[in-house]
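Residue strings, one per chain:
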Amino acid sequence: MGDGSTTAVIAPVTSIARFDQETFVAIGGIIKVLNSSFQVVDKIQAFDIGSIFGFLKPIPNHVVCYGGKEICLLTSTEGTWRKLSHVCLSDRVWAATCACLDQHSVNLQLTLVLAHNQVEIWQAIRSENYQWFYERTFLGDTACLLYSAQLHTYSPNEIAVASGTIFQTIRLWYLKEPQKTTALPAVEPVRVASNLTLLGHDGVIFNLAFAPDGKQLCSVSDDRSARIWHLPDDWYCNKPSDTPEVLSPMLTLYGHASRVWNCAFAGKYIVTIGEDVCCCVWQQDGKRIKRYNAHRGRGLWSIFVTNDQRSNDADISSNNVDNKCNELTVLTGGGDGSVWEWSLSEKILASASCRAGTWIPTSENKPSPPSTVALVDIQHAIICTHAGEVIMFDLGIKQGKLLFKDDSLRKYVLFATQAKLEHQRQNDMIAMTNVSGTVFILNKDSGLEGQFVAHQSKILAMEWLPSHINQDDVLLLTHVTGDVCLWQIQQPSPGIIHTSCLYRCGVEIGVYIQCAHMLINGVLVLGDRSGFVRAFALSSSHGTQKLADKSPSVVSSVTHPSMKVQCSQFKESCHLQHNNNGCVSDSAPEDDTNDNFNNCKHPIDIVTITQADTIVKAHGKQSVTSLTSFHTIDHRICLLTTGRNGYYCVYEVKRTKHKGNLDTTEGSHTLELRLICKSRISRQMEWLHHLILESTYHKRVQDPTSFRALAVGFMKSDLVVLDAQTHNEIFRYNIGGGHRSWDYLSSFNTETSLTAVFIRNDALHFVFQPEEDAHDSGRGVCVLPGSHGREIISATVIQQTTCNNKLVLLTGSEDNCLGVASMLLDSVGKVAKIQSHTLLHHHISAVRVVTTCHVQEEHIIFTGCGAGTVAAWVLRQQRLDRSEHEPDIQNNEVLFSAEFKSRWPVPGKSSPSDCRVMDVSTVLVTSDIVVIAIAMSDGSIRIVKYQSGIFQDVLAILHRTPNGVLRCPLNVQWIPCVSEGILLSAGTDGHVIVWDCRSVINSFSSGDESSLCGKDALLSINIPMNYISLHQSGINDLDTICFMDRKDHEICRIFTCGDDNSIRISDVSLESLKPVRLLSVDSAHAAAITCCAAITVSYFVTSGADCRLNVWSLNDGHIQSVASTVLNIHDVQDLQIIKKSAKRLILSADEESKETSSTPAPPPSPTRWSQTTLPSVAAVVVGRGIELLADISGIQLVIRVSVNWRFKFCGDQDCPDWLLAEISLLAKLSSVKVKLLVNNVAKDMLSQAPLSYEKVGKLVQDANLSPGDTEAIIACITFVIANAAKYDIDDQSLSNELQQLGLPKEHAQALCKSYETNARNLQDYLSSQTLRLWKLDKFKWKVDCMLSSSTVENAMEPYVGVCFDVNQDNSSPATTYHAVLTPEMLNTLVYELTEAQDMVNRLAL
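Residues numbered from 1 in each chain as written. Predicted model: local features only at pLDDT ≥ 70, side-chain atom pairs only at ≥ 80, totals over all residues. Heavy atoms only, no water.

Caption draft 1: Geometry of the overall build of the protein. For the protein, the count of helices and strands is 12 helices and 99 strands. Counting the 1405 residues in the protein, one finds 56% classified as buried. Long-range pairs, those at least 24 residues apart, make up 54% of the contacts in the protein between residues at least 6 apart in sequence. (Helix = DSSP H or I, 4+ residues; strand = E, 2+ residues; numbered from the N terminus. Buried < 20%, exposed > 50% of the residue type's maximum accessible area, 1.4 Å probe, protein only. Contact = heavy atoms within 4.5 Å.)

Caption draft 2: Layout of the sheet that holds strand E95 (residues 1178-1183). Spatial strand order, E1-E96-E95-E92: four strands in an open sheet with antiparallel pairing. The two strands at the open ends of the sheet, each matched to only one other strand, are strand E1 (7-10) and strand E92 (1134-1138). When the angles between neighbouring strand axes are averaged without regard to direction, this sheet yields 10°. Both E1 and strand E96 (residues 1185-1189) contribute to a ladder of four bridges, which runs antiparallel. When the sheet's bridge partners are listed, Ala-8 is paired in E96 with Leu-1188. (Pairing = 2+ DSSP bridges. Axes fitted to C-alpha atoms, helices over the stretch in contact; angles between N-to-C directions.)

Caption draft 3: Expanded view of helix H7 (residues 1231-1245). The first and last C-alpha atoms of H7 sit 21 Å apart over 15 residues, in line with the 21 Å expected at 1.5 Å per residue. Of the positions making up H7, those classed as buried are Val-1234, Leu-1237, Val-1238, Val-1241, Ala-1242 and Met-1245. The arc that holds the buried residues of H7, viewed along the axis, is 135°, so those residues lie on one side. For H7, the secondary structure elements touched by its buried residues are helix H8 (1253-1259), helix H9 (1267-1286) and helix H11 (1305-1328). Ser-1247 sits one or two residues past H7 and shows a positive phi near 60°. (Expected span 1.5 Å × (residues − 1). Arc of directions from axis to C-beta.)

Caption draft 4: How the structure looks around a nonpolar patch on the surface. A contiguous nonpolar patch, built from Leu-1336, Phe-1339, Trp-1341 and Val-1343 and spanning about 470 Å² of accessible area, is present on the exposed surface. Overall, Trp-1341 belongs to the exposed group, its relative accessible area being 59%. (Patch = residues over 30% accessible without salt bridge, like charges linked within 9 Å, V, L, I, M, F, W, Y side chains within 5 Å. Areas by Shrake-Rupley, 256 points an atom, 1.4 Å probe, with all protein chains shown as cover. Salt bridge = Lys/Arg side-chain N within 4 Å of Asp/Glu carboxyl O.)

Caption draft 5: How the structure looks around the side chain of His-1031. Inspection of the secondary structure assignment puts His-1031 in the loop between strand E83 (1026-1029) and strand E84 (1035-1044). Separated by 2.9 Å, the side chains of His-1031 and Thr-1056 make a polar contact. Non-local contacts of His-1031, meaning those with residues more than four positions away in its chain, are made with Asp-989, Gly-990, Thr-1056, Cys-1057, Gly-1058, Asp-1060, Ser-1062 and Arg-1064. (Polar contact = N/O pair within 3.5 Å; in protein donor to acceptor, adjacent residues only side chain to side chain.)

Caption draft 6: Representation of the packing of helix H10 (residues 1291-1300) against H11. Here H10 crosses H11 at 145°, and the two axes come no closer than 9 Å. Crossing angle aside, the handedness with which H10 passes H11 is right-handed. Taking contact as the criterion, the partners of Asp-1291, Leu-1294, Ser-1295, Leu-1298 and Gln-1299 in H10 are, on H11, Lys-1305, Ala-1308, Gln-1309, Leu-1311, Cys-1312, Tyr-1315 and Glu-1316. (Left-handed = near helix turned anticlockwise from the far one by under 90°.)

Caption draft 7: Structural view of the sheet that holds strand E86 (residues 1063-1069). Strands sit in the order E84-E85-E86-E87 across an open sheet of four strands; the sheet is antiparallel. The sheet is open, and its two borders are formed by E84 and strand E87 (1075-1081), each paired with just one other strand. Direction aside, the axes of adjacent strands within the sheet are offset by 15° on average. In the sheet, E84 pairs with strand E85 (residues 1050-1058) via nine bridges, with the strands oriented antiparallel. The residue bridging Phe-1043 from the neighbouring strand is Ile-1051, located in E85.

Caption draft 8: The pattern of salt bridges, seen in detail. Per the counting criterion, the structure on display carries 24 salt bridges. Taking the shortest distance from any N to any O, the salt bridge between Arg-732 and Asp-718 comes out at 2.9 Å. On the criterion of sequence distance, the pair formed by Arg-732 in strand E63 (residues 729-734) and Asp-718 in strand E62 (residues 718-723) is long-range, its members being 14 residues apart. You'll find Arg-732 and Asp-718 in the same group, each marked buried. A salt bridge links Glu-814 to Arg-790; the nearest nitrogen and oxygen atoms lie 3.6 Å apart.

Caption draft 9: Molecular detail of the nonpolar core. Phe-1209, Ile-1281, Leu-1294, Leu-1298 and Leu-1311 are the most contacted members of the largest nonpolar core, which has 43 residues in total. Those elements giving two or more residues to this core turn out to be H7, H8, H9, H10 and H11. The element that contributes the greatest number of residues to this core is H9, accounting for 10 residues. Residue contacts for Ile-1281: discarding those within four places in its chain leaves Val-1238, Val-1241, Ala-1242, Met-1245, Leu-1311, Tyr-1315 and Leu-1322. (Core = buried A, V, L, I, M, F, W, Y, C linked by side-chain atoms within 4.5 Å.)

Caption draft 10: Layout of the pairing of strand E56 (residues 624-631). Taking burial as the measure, the eight residues of E56 include eight buried ones, the bulk of the element. Relative to strand E57 (residues 637-643), E56 runs antiparallel, the two being bridged by seven bridges. Bridge pairing in E57 links Leu-627 to Thr-641.

Caption draft 11: Broad picture of the confidence of the model for the protein. Looking at the protein, the pLDDT average stands at 79 and 79% of residues meet or exceed 70. This model gives residues 309-325 a pLDDT under 50, and the stretch forms 19 contacts once residues within four places in sequence are excluded. Counted against residues more than four places away or in other chains, residues 1196-1204, with its pLDDT under 50, gives 15 contacts. (pLDDT = per-residue confidence, 0-100.)

Caption draft 12: Broad picture of the packing of H7 against H11. Their axes nearest at 8 Å, the elements H7 and H11 cross at an angle of 15°. Compared by their axis directions, H7 and H11 come out roughly parallel. Crossing geometry of H7 relative to H11 is assigned as right-handed. Every residue of H11 that contacts H7 at Ser-1231, Val-1234, Lys-1235, Val-1238, Asn-1239, Ala-1242 and Met-1245 is listed here: Glu-1306, His-1307, Ala-1310, Leu-1311, Lys-1313, Ser-1314, Tyr-1315, Asn-1318, Leu-1322 and Tyr-1325. Within the contact of H7 with H11, the residues separate by chemical class into nine nonpolar, five polar and three charged. (Parallel < 35°, antiparallel > 145°, perpendicular 65-115°, else oblique. Nonpolar A, V, L, I, M, F, W, Y, C, P; charged D, E, K, R; others polar.)

Caption draft 13: Local environment of the packing of aromatic side chains. Counted according to the given criterion, the structure contains 29 aromatic pairs. Arranged with centres 5.7 Å apart and planes meeting at 80°, the rings of Trp-873 and Phe-900 form a pair that is edge-to-face. Here Trp-873, found in strand E74 (residues 870-879), pairs with Phe-900, found in strand E75 (residues 894-904); they are 27 residues apart in sequence, far enough to count as distant. Judged by its relative accessible area of 0%, Trp-873 is buried. The interplanar angle of 10° and the centroid separation of 6.3 Å between the aromatic rings of Phe-1100 and Trp-1112 together place this pair among those described as stacked. With Phe-1100 in strand E89 (residues 1099-1104) and Trp-1112 in strand E90 (residues 1108-1115), this pair connects stretches of sequence that are 12 residues apart. Both residues of the pair, Phe-1100 and Trp-1112, belong to the buried class. One aromatic cluster is present, built from ring pairs that chain together Phe-19, Phe-24, Phe-55, Trp-81 and Phe-304. In this structure, Arg-529 is placed above the aromatic ring of Tyr-512, and the distance from its NZ or CZ to the ring centre is 3.7 Å. We note Lys-678 situated over the ring of Tyr-647; from NZ or CZ to the ring centre the distance is 5.7 Å. (Phe/Tyr/Trp six-rings, centres within 6.5 Å; stacked < 30°, edge-to-face > 60°. Lys NZ or Arg CZ within 6 Å of the ring centre and 35° of its normal.)

Caption draft 14: Inspection of the environment of Ile-459 at higher detail. With respect to the helices, strands and loops of the structure, Ile-459 is situated in strand E42 (residues 459-465). On the basis of relative accessibility, which here comes to 0%, the residue Ile-459 falls in the buried class. Distance from Ile-459 to Val-413, taken between C-alpha atoms, is 9.5 Å for residues 46 residues apart in sequence. In contact with Ile-459, other than residues within four places in its own chain, are Tyr-412, Leu-414, Thr-433, Gly-437, Val-439, Ala-454, Leu-477, Thr-478 and His-479.

Caption draft 15: Layout of H11. Its 24 residues give H11 an end-to-end C-alpha distance of 33 Å, which sits within 8% of 34 Å, the value for a rise of 1.5 Å per residue. Along H11, the sharpest change in direction is near 55° and occurs at Asn-1318. Where the residues of H11 are buried, they touch H7, H9 and H10. (Bend = angle between axes of the 7 residues up to and from the residue.)

Caption draft 16: Layout of the pairing of E62. Counting buried positions over the six residues of E62 gives six, a clear majority of the element. Counted along the chain from strand E61 (residues 709-715) to the antiparallel partner E62, the turn is two residues long, and its residue Lys-716 has a positive phi close to 60°. With five bridges connecting them, E62 and E63 associate as antiparallel partners. Each residue of the ladder has a partner; that of Leu-719, found in E63, is Tyr-733. Hairpin connection, E62 to E63: the antiparallel pair is bridged by five residues, and His-727 has positive phi, about 65°.

Caption draft 17: Focus on the side chain of Thr-625. One can find Thr-625 in strand E56. One polar contact links Thr-625 to Thr-642, side chain to side chain, over a distance of 2.7 Å. A polar contact is formed between the side chain of Thr-625 and the backbone oxygen of Leu-688, at a distance of 2.8 Å. Thr-625 has contacts with Cys-515, Thr-642, Gly-643, Arg-644, Trp-687, Leu-688 and His-689, leaving out every residue within four places of it along the chain.

Caption draft 18: Representation of the environment of Leu-675 within the structure. Summarising the element assignment, Leu-675 is placed in strand E59 (residues 669-680). Classification of Leu-675 as buried rests on a relative accessible area of 17%. In sequence terms Leu-675 and Cys-649 are 26 residues apart; their C-alpha atoms lie 7.2 Å from each other. Excluding residues within four positions of it along the chain, Leu-675 makes contact with Cys-649, Val-650, Tyr-651, His-842 and Phe-900.

Take a look at the structure:
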């Protein structure tokens, strides 16, 4: 890649910093530079391989970034950043500081803490363009790996080191004269003893942070805690001892639901981030005062505290010259690729609790505990006590007002207020009921307006409904007998109430209706405690007239007698004044309950509906907690339900009149609830109570899945309010759980006030935030938008015809979402930018497959999930204005989304065997018919027809091995050939099966589907046409391309890759459906290959778990590696190639390949990578993020740059090439067999038992290794364990280094476990075999002259005879050696001994 401008990445943010209004965001090895307006102004590829984990700014216009085993110095020239110098290290860097050597020098000194508890000092000289030079090394006294480290500079000659070890301890030591320079780099490292040992954590220490003054240290750990340590004064001045002082933590902070990753001091506060995607702010006393949450997915990885200068109005009013104040802010970067900024101002941090309080009502100077509470509006709550008193409480002034008292309210009370209705009346009514079925109508100012007996049994639920039927208030009541009644409540004047029962809907006895909602089309929806949603089609009515519509569900119409409505008119108001002592003074009203009565003048017909028009199971066995609705731009009505199981569902409500008009008595209707989406806001919110929608009837939404809302629910005992789109945490308070009486009220606009009330410990508790405080609620600012918060499994790309400069990227992730993003193309066709538009919810498990098909001018998207369902979507586009939620969107920019259409299996039918969808492939048969092949984890492949939004099952075929064993198909693909209908399936057994489904395709294309009804046709399809054995284990990906060979035969070239690290290319004749050629490359990657994609007939691309993208060429029957680069994302799962050329090519005798389209073909026989032999293509790689390579031809130069990686088991040298090539063979064995093999090799090295190749062959026979591969494995194991013992490498370090070479984790651990068992014996044996000086006991020599010989020509030449005794071991006798030397041999011996003596003398100096 080289230049970051040719690459776009959305991936986890590994580090973040802000210097001089510029924000530096590290994503892998790429740095994005943002200006003060949060716009990306520059992008640099700083690291070639590793990830960046920290930034430093030692001098102006220079920034140092570090991470992995690399250090890079950046410089800025006229606002453009570039790389100045780059260093590769021998070990991983955990912490670093960089500063000038002195005040007058521009030379830099870099201090690095490495993973093996050592500190290296590097210097850079300005005259040499800041090239780094190694200076010296300090070693800590703990010989172990570190999980974290931190540096703090007390003075230029006093730098403290805090190291978090794998032994759950923190060691503190300091560097002695770190700025002392030497003429030459120090050969021997300086060993430093620890001064302090900090004990207290129960897990490994993930990160450390010093307070700015160095007097405190904060540590975060795997034990889900953060701990604060108070360091003694001048501890670094004490002389280290053999037993360092042990300290215990001053504070232990528990507040995260998962592991805590990082921490920082922010003024007088402490900030922590963790795996639960939360940023917590703590006071110095250990109290958590704020909890920010806006990121998706799992984990916040980076944090940075900055001081931003903001104008202070208070300083300006006081005529202060310096009217700027430093406002603390914290930046957080998450695994979803987003960056958020949070303010730490005192006003914001205090706003959450400034209006919290408790209140206990009193009656006759005695406490009267409250039993039930509900909010009337944002500042008033209505309370009923155990004494039957109904009190209106003002939260602002903390005073209560007695409305009335009734002894029947002592045992059972239900409240219904109109606070949550979209269209509230000016005289809001309050309804309440007792255990005997009496309903009381109240007004918050005047008190009791009237009462009536609604039923002779207990009322289970009561709720005000939107008045879509008429302009009067409608009250819904449910009873234990199963009756659901709708009452019309009219108040023509104060004190006068008219009531009439309009509808009686029947439900089963014992069904507990929990919530209700009235839709604008006259549909009543009820939700019960068993998870069912019932819909009743009502008719429209005006006033109190009889409703005209008599649908088939209306079976009777009875006349209800006129009802007396009892009213109460108080002669004087009754107030409960809140005294200073917390008591309530009671001035009871005079009861005059029989003053006014009003009768309904006309009898009212009650329309009785005996059963629901439709019933759906929405939330399993859990309760339906709320119902609401919204409307789309195209006038669709959508029902939104929430459940106790944490999910919400979106249904499209269709009410169809078959004959006549809806307002006439003629004709019939049908009512349908079509599921559009089922998802959850957050996995931690196990109880979703209700959603506060942004949209109203006058503000419609574009798509049913793109509504904006606030989610109100419970996370354990905390009442939590989240922004459903950004996951920003708006409110959180511990109320003790949702089983108690509570209420919450706010609008979607969180800048208005909010209120929460609940009853706990016989008192009313409230949290009230008035409107003036809500403007500074600290919601956070999105600095850089992200995408999915979990791993992305699949992706596909669409060329949108209406926007030629845009590509649409569709992604499926483990967060159950379908992601829609766009990629902008510049004039030369390179990807310049990626922008995430929306995440769509429908599936209830991970979206494993995303594929598309162009049908009748629409792009149909098919997604498959782990729950065994396939959903169909339609791609949509819209224009949106720039908003605070989409900071990168321009005013007239086209945004893309998708609208859900239908799913397979159809609602009501369970998925086949409750298995997962593994892959989906589509083929367009006619203009509106799509045939879909769905690979299922139960071993079946379902052939499904899709037409006009409707799925129809056709047949099922089984993926079996040649011996009949059913295996899971991992991939399916229709071959894009002339005779459509050839299907390929690749499974876990390493076979590709060829299926002939042409009869199915022909039946649909001809319109005659009767041929599919016969058993013979189905049986013939279930018989595979061919088996192609390619891999030893599962096939991870499959791609095809069709061409005509030189004999005009149609050939399908199949590219496959698998867990065995190999690539297979098979050419299959489409006439005989048999393979005609097979090519392979073993050990193509250092780890499992997860995806492959064809570019042309002669070029293809692969990627895998080793985070590399490799380009290959196929020439004259040989596969050659063309180029390779290291990606910035991990766990690569899918790969897409973007190119303008078609996939169908024709090969003739004169040229290697040419396309059927008008685009020029590559020249014949391409032998090397160049722009003239391959079309310009871009690559989209997804995994733990999204990475776009604008032109993969640009990676040609990058791979020529070699990086010197050093490994400890190789003596701090680079790994041998032969070991890199052969170590992947170990992955073919199981970890148990690797362990056994290592033990056998170790015994052979120790001469305990000779290695039997026959036994080794039996041990590895399942891997189908050749004899050469077996010998290579033995050589690898011998080299690794011998060198590890030679250099005294611990097993954990060896395991990490082997994983860096591509060995799977379980194999590396198995090898290291056997190595650890034999390490000491190997060291002793190797020590005994090490070259050493033997003791020379006797030495004799003589010179002889040969006078004549029949075999020697120069007989008169002298010879030197020597005899010497050598004692190799004192316990054994000496060995005598004899030798005869010619004059030339003697001269050579003397010369070599002299050179050896000089070398020893130089080393001694």
